[in-house]
Amino acid sequence: CAVKAAISEGIIPGGGIPLMKISKILTTNKGNLIETKSEICKRGYEVVLKSITSPFNQILLNSGLGEEAIRIISDSCYNHNNKNLGYNPLTDEFVDFFDKGIVDPFKVTRLALFNAINIASNLLTTEALVLNNPTTSDADLSMDMLNNIS
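Computed from a predicted structure; not experimentally measured.

(A) Just the overall build of the protein chain, in detail. Secondary structure summary: the protein chain contains eight helices and four strands in total. In the protein chain, the order of α-helices and β-strands from amino to carboxyl end is α-β-α-α-α-α-β-β-α-β-α-α. By sequence separation, contacts in the protein chain at least 24 residues apart represent 61% of the contacts at least 6 residues apart. By element, 58% of the accessible surface of the protein chain is carried by carbon and sulfur atoms, the whole surface being about 9800 Å².

Written out as structure tokens, the structure is:
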């Protein structure tokens, strides 16, 4: 499936790099995008900004890096002019992800973002979340998610 997706729409650097770069564009143009919008639009905008940087940050967190190291690495990649630059925790170095073959199908990333926006939109407009047979931890997690949206 990944090969078919890559053939149909191409590839992009992996590791959440493109989404992080998009967050830079959205942050830079924030005033123009939401200054006259409703409060719910502003909340949705903040959710999107937070969520599109999450894949990159989660990969670094999963590699065992601390929060301060993640912030420094994230800032370095975020502010670098090379749109393909990412951090490889296995080699502890910044590399061009295309050169190293660290890529994702564009279609997969596009659809993941599209679906995430739809879910966030539903949560913001309904202000409710229904789980099938939730355990206590699932219910706590759901409440944490809803509380962190605002």
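(B) Region of the structure containing helix α5 (residues 67-79). Taking 1.5 Å per residue, 13 residues should reach 18 Å; α5 reaches 18 Å between its end C-alpha atoms and fits that length. When α5 is considered as a whole, its buried residues turn out to be I70, I73, S74, C77 and Y78. For α5, the buried positions fall inside an angular range of 130° around the axis, keeping them on one side. Buried residues belonging to α5 abut α2 (17-28), α4 (39-62), β2 (85-88) and β3 (93-96).

(C) Molecular detail of the packing of α2 against α4. Direction vectors running N to C along α2 and α4 enclose 150°, while the axes themselves pass 7 Å from each other. As far as their axial angle goes, α4 and α2 are roughly antiparallel. Where α2 crosses over α4, the two elements pack in a sense that is left-handed. Here I17, L19, M20, I22, S23, L26 and T27 of α2 come into contact with α4, specifically with Y45, V48, L49, I52, T53, P55 and F56. For the contact of α2 with α4, a count of residues per class yields 11 nonpolar, three polar and no charged.

(D) Expanded view of the side chain of T109. In this fold, T109 is placed in helix α7 (residues 106-126). Apart from residues no more than four positions distant in its own chain, T109 is found in contact with I12, L19 and D104.

(E) Region of interest: the pattern of salt bridges. The final tally for this structure, using the stated rule, is three salt bridges. As a salt-bridge pair, R71 and D75 come within 3.0 Å of each other at their nearest N and O atoms. With R71 and D75 both in helix α5 and four residues apart, the pair spans about one turn of that helix. Exposure remark for R71: the relative accessible area of 42% places this residue in the partly exposed category. For D75, a relative accessible area of 32% puts it in the partly exposed group. Via salt bridges that share partners, E68, R71 and D75 belong to a single interconnected network.

(F) Spotlight on α4. Between its terminal C-alpha atoms α4 stretches 34 Å, which fits the 34 Å expected from 24 residues at 1.5 Å a residue. Taking the largest bend as the criterion, α4 deviates by roughly 40°, centred on S54, and proline P55 comes between one and four positions later. Buried residues of α4: G44, Y45, V47, L49, I52, F56 and L60, and no others. Within two residues after α4, G64 carries a phi angle of roughly 100°, on the positive side.

Rules used throughout
In every chain, residue numbers begin from 1 and rise along the written sequence. Only residues with pLDDT of at least 70 are given local features in this predicted model, and only at 80 or more are side-chain atom pairs given and counted; all residues enter the totals for whole chains, interfaces and linings. As a convention, hydrogens and water are excluded, and side-chain values are obtained from all of the structure's heavy atoms. Each helix is a run of H or I in the DSSP string that is no shorter than four residues. Each strand is a run of E no shorter than two, and both are numbered from the N terminus. Contact between two residues is taken to exist if any of their heavy atoms lie within 4.5 Å; hydrogens are not considered. A 1.4 Å probe and the Shrake-Rupley method give the accessible areas. Residues count as covered only by the protein chains that appear here. Helices are assigned an expected span. That span is 1.5 Å times one less than the residue count. Note on classification: 1.4 Å probe, protein chains only; a residue is buried when its accessible area is under 20% of the maximum for its type, exposed when over 50%, partly exposed between these limits. Here the arc refers to the set of directions running from the helix axis out to each C-beta atom. Helix axes are fitted to C-alpha atoms over the stretch in contact, other axes to C-alpha atoms as well, and angles between N-to-C directions run from 0 to 180 degrees. Angular relationships are summarised with four words: roughly parallel below 35 degrees, roughly antiparallel beyond 145, roughly perpendicular across 65 to 115, and oblique for the angles in between. Each crossing gets its hand from how the near helix is turned against the far one by less than a right angle, where anticlockwise is left-handed and clockwise is right-handed. For this classification, the nonpolar set comprises Ala, Val, Leu, Ile, Met, Phe, Trp, Tyr, Cys and Pro, the charged set comprises Asp, Glu, Lys and Arg, and every other residue, Gly included, is treated as polar. Only one rule defines a salt bridge in this text: a Lys or Arg side-chain nitrogen within 4 Å of an Asp or Glu carboxyl oxygen. Take the seven residues that end at a residue and the seven that start at it, fit an axis to each, and the angle between those axes is the bend at that residue.

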